[in-house]
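Residue strings, one per chain:
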Amino acid sequence: MNEITYPAVRTYYICFDDERTVVKSYGYVDPNQVFETIWIFDEFTDEQQWLDELAKWGIVPETNQAGEYIM
């Protein structure tokens, strides 16, 4: 398993298939959380960098009326 465990700051991730040709999921992990996955992933502490990388894959995360990401 690959994981992000209790990061110091909110940490964003993008999960890929084994060939890194398909985005399997994306989201973030807050300091009080643990994230585990079978997929390989890239992680970011800079929100804009995460959004820019998602945009390269044609992905724009949805937000609610409060501006929070819907995962």
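Remember, it's a predicted structure, so these values are computed and weren't measured experimentally.

1. Regarding the pattern of salt bridges
Here comes step 1: If you walk through the whole model with that rule in mind, you get 3 salt bridges.
Here comes step 2: Of the charged contacts in the structure, one is a salt bridge between Asp30 and Arg10, with a shortest N-O distance of 2.7 Å. Of this pair, Asp30 sits in the loop between strand S3 (23-29) and strand S4 (34-37) while Arg10 sits in the loop between strand S1 (2-5) and strand S2 (11-16); the two residues are 20 residues apart in sequence, bridging distant segments of the chain.
Here comes step 3: The exposure class assigned to Asp30 is buried, which follows from its relative accessible area of 18%.
Here comes step 4: A salt bridge links Glu53 to Lys56; its shortest N-O distance comes to 3.4 Å. Highlighted residues: Glu53 and Lys56, both in helix H1 (residues 47-56), separated by 3 residues, approximately one helical turn.

2. A word on the pairing of S4
Here comes step 1: Here S4 shows a buried face lined by Phe35 and Thr37 and an unburied face lined by Val34 and Glu36.
Here comes step 2: For S1 and S4, the ladder comprises 4 bridges, and the chain directions are antiparallel. Residue pairing in the sheet places Glu3 in a bridge with Glu36 of S4.

3. Focus: the nonpolar core
One broad rule of soluble globular proteins: the nonpolar side chains tend to lie buried together.
Here comes step 1: Among the nonpolar cores identified, the biggest contains 9 residues, and these are Tyr12, Ile14, Phe16, Val23, Phe44, Trp50, Leu54, Ile59 and Tyr69.
Here comes step 2: Mapped by element, the contributors of at least two residues to this core are S2 and H1.
Here comes step 3: Ranked by residues supplied to this core, first place goes to S2 with 3 residues.
Here comes step 4: Excluding residues that lie within four positions of it along the chain, Val23 makes contacts with Ile14, Cys15, Phe16, Trp57 and Ile59.
Here comes step 5: In this structure, Ile4, Val29, Phe35 and Phe41 belong to the second largest nonpolar core, which totals 6 residues.

4. Details of the packing of aromatic side chains
Here comes step 1: Enumeration according to the criterion identifies 7 aromatic pairs in this entry.
Here comes step 2: Geometrically, the ring pair formed by Tyr13 and Phe35 is stacked, given 3.9 Å between the ring centres and 20° between the ring planes. With Tyr13 in strand S2 and Phe35 in strand S4, the pair connects residues that are 22 residues apart, well separated along the chain. Accessibility assignment for this pair places Tyr13 and Phe35 in one class, buried.

5. Structural notes on the sheet that holds strand S5 (residues 40-44)
Here comes step 1: Taken together, the 3 strands give an open sheet; going across it, the order is S3-S2-S5, and neighbouring strands pair in antiparallel fashion. In this open sheet, the two edge strands, each paired with only one partner strand, are S3 and S5. On average, each strand axis in the sheet is inclined to that of its neighbour by 20°, with strand direction left out of account.
Here comes step 2: With 6 bridges joining them, S2 and S3 adopt antiparallel strand pairing. Following the sheet pairing, Ile14 is matched in S3 by Tyr26.

Scoring rules and cut-offs
- Residues numbered from 1 in each chain as written.
- Predicted model: local features only at pLDDT ≥ 70, side-chain atom pairs only at ≥ 80, totals over all residues.
- Heavy atoms only, no water.
- Salt bridge = Lys/Arg side-chain N within 4 Å of Asp/Glu carboxyl O.
- Helix = DSSP H or I, 4+ residues; strand = E, 2+ residues; numbered from the N terminus.
- Buried < 20%, exposed > 50% of the residue type's maximum accessible area, 1.4 Å probe, protein only.
- Pairing = 2+ DSSP bridges.
- Core = buried A, V, L, I, M, F, W, Y, C linked by side-chain atoms within 4.5 Å.
- Contact = heavy atoms within 4.5 Å.
- Phe/Tyr/Trp six-rings, centres within 6.5 Å; stacked < 30°, edge-to-face > 60°.
- Axes fitted to C-alpha atoms, helices over the stretch in contact; angles between N-to-C directions.

Any functional reading would require information beyond the geometric quantities listed.
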